[in-house]
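As a plain string of letters, each chain reads:
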Amino acid sequence: MSTEQFYDGLADTYHALYPDWGSAVRAQGKALHRLLSRWHASPSDIADVACGIGTQLLGLAERGHHVFGADISARAVQRARRECAAAGVPAALSVADMRKLPLAGSCVDAVICADNALPHLLTDGDVWAALTEMSRILRPGGTVIITTRDYDHVLTAPPSSTLPQVFRSSQGRIISFQLWTWRAGTDVYDLEHFQVHEGADGAWATERRTAAYRAYTRASLTGLASTAGLRNVTWHMPHETGFFQPIMTARTAAHEPPPTRQAGTRNSE
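Residues numbered from 1 in each chain as written. Predicted model: local features only at pLDDT ≥ 70, side-chain atom pairs only at ≥ 80, totals over all residues. Heavy atoms only, no water.

Turning next to the overall build of the protein. The helix and strand tally for the protein stands at eight helices and eleven strands. Taking 2.2 N^0.38 as the reference for a compact globule, 269 residues should give roughly 18 Å; the C-alpha atoms of the protein span a radius of gyration of 18 Å, in line with that estimate. A principal-axis box enclosing the C-alpha atoms of the protein has dimensions of 65 × 50 × 35 Å. Looking at the protein as a whole, 52% of its 269 residues qualify as buried. Here the contacts in the protein between residues at least 6 apart in sequence split such that 65% fall between residues at least 24 apart. Element-wise, carbon and sulfur atoms account for 53% of the exposed surface of the protein, whose accessible area totals about 11,700 Å². (Helix = DSSP H or I, 4+ residues; strand = E, 2+ residues; numbered from the N terminus. Rg over C-alpha atoms; globule rule 2.2 N^0.38 Å. Buried < 20%, exposed > 50% of the residue type's maximum accessible area, 1.4 Å probe, protein only. Contact = heavy atoms within 4.5 Å. Areas by Shrake-Rupley, 256 points an atom, 1.4 Å probe, with all protein chains shown as cover.)

Let us now look at the sheet that holds strand β6 (residues 165-169). Taken in spatial order, the four strands line up as β6-β7-β8-β9 in an open sheet, and their pairing is antiparallel. Looking along the sheet, the strands with just one partner apiece sit at the ends: β6 and β9 (204-214). Adjacent strand axes in the sheet meet at a mean angle of 20° when their direction is disregarded. Here strand β8 (residues 188-198) pairs with β9 via eleven bridges, running antiparallel. Bridge pairing in β9 links His193 to Arg209. (Pairing = 2+ DSSP bridges. Axes fitted to C-alpha atoms, helices over the stretch in contact; angles between N-to-C directions.)

Counting across every chain of the model gives nine aromatic pairs. Centroid distance Phe6 to Tyr7: 4.8 Å. Interplanar angle 90°. Geometry classified as edge-to-face. On the basis of an interplanar angle of 45° and a centroid distance of 4.8 Å, the ring pair of Trp182 and Tyr189 is categorised as tilted. With relative accessibility at 22%, the residue Trp182 sits in the partly exposed group. Residue classification places Tyr189 among the buried residues on the basis of a relative accessible area of 0%. Grouped by ring-pair contacts, the aromatic residues Tyr151, Trp180, Trp182, Tyr189 and Tyr213 constitute a single cluster. Note that Arg79 overlies the ring of Trp21, its terminal NZ or CZ placed 5.8 Å from the centroid. (Phe/Tyr/Trp six-rings, centres within 6.5 Å; stacked < 30°, edge-to-face > 60°. Lys NZ or Arg CZ within 6 Å of the ring centre and 35° of its normal.)

For the rest of this paragraph, the subject is the nonpolar core. Counting 41 residues, the largest nonpolar core has Leu57, Val67 and Leu93 as its most contacted members. Of all elements in the fold, only α1 (3-10), α2 (21-36), α3 (55-62), α4 (74-87), β4 (108-113), α6 (151-154), β8 and β9 reach the threshold of two or more residues within this core. Broken down by element, this core gets its largest block of residues, seven residues, from α2. If near-sequence neighbours (up to four positions away) are discounted, Val67 is found in contact with Ile46, Leu57, Leu60, Ala61, Val89, Pro90, Ala91 and Ala92. By size, the runner-up hydrophobic cluster in this structure holds 32 residues, among which are Leu103, Val108, Ala225 and Leu230. (Core = buried A, V, L, I, M, F, W, Y, C linked by side-chain atoms within 4.5 Å.)

Scored by pLDDT, the protein has a mean of 94; 94% of the residues are at 70 or more. Contacts for the low-pLDDT stretch residues 263-269, under 50 throughout, to residues beyond four places or in other chains number 16 contacts. (pLDDT = per-residue confidence, 0-100.)

Attention now moves to the side chain of Arg79. By secondary structure assignment, the location of Arg79 is in helix α4. Here the side chain of Arg79 touches Asp12 through a polar contact of 3.3 Å, landing on its backbone oxygen. Those residues in contact with Arg79 that lie beyond four places of it in its chain are Ala11, Asp12, Thr13, Tyr14, His15 and Ile53. (Polar contact = N/O pair within 3.5 Å; in protein donor to acceptor, adjacent residues only side chain to side chain.)

What follows covers the sheet that holds strand β3 (residues 92-95). Read from one edge to the other, the open sheet built from seven strands follows the order β3-β2-β1-β4-β5-β11-β10, with strand pairing classed as mixed. Two strands lie at the open edges of the sheet, namely β3 and β10 (231-236), each paired on one side alone. Adjacent strand axes in the sheet meet at a mean angle of 15°, parallel and antiparallel pairs treated alike. Here four bridges tie strand β2 (residues 66-71) to β3, and the two strands are oriented parallel to one another. Paired with Gly69 across the bridge in β3 is Leu93. The sheet contacts of α3 involve β1 (45-48), β2, β3 and β4, and relative to β2 the element is tilted by about 175°.

In structure tokens, the structure reads:
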């Protein structure tokens, strides 16, 4: 199953990964806004290059920012459009790979790539391509914000599963959990994502989706960001930011043009 197929299948029930998705939207928007305020006045022009159903994008728009969203999953983008319409958010949304964004150079103040999206790219070359593309669309003095799982901690004792999460609604419960299978001798794991749905009649139905991730350490992503032309790479931990994952920030130079898109950059997983 490709990354886009994984998120196409998850789009309608992505909110069930949170006990209260609306509260998560507001909390994440607040945390990211506070971090951005260190360098940028509000409102800022922000590109969310892995926008999914709009979790971070909506929270930032609520704080007054001008937002553009892109995601590799067409169904996630469709859901994001519905959520933006319901919230009255005027967001431009597009189906796109973060390694080849449909945006002009130097057009935004900040780029967001949150919720462990970058580690779907399994090679240094693909991550470098994505970071170079993010740098390309940033204005001088712009900021990249990347959030990932805490893989430095994960790799100390690589797990084989996650604890189940329970979402409750008037339609019944949805239980979500993951199984991880590590590829021998690598930092790549294949993920099986299960959602078990409770029906009104008390019957249960199970959905299974698969995806792959690479457990990038903070040092490895810092090095890749530096080779992509980004500067002042800094990591901010959840106890500092109030965001649920570690955050990497990096900046473009204030008075130098960003890198141009590299010929031959791939546009799919």
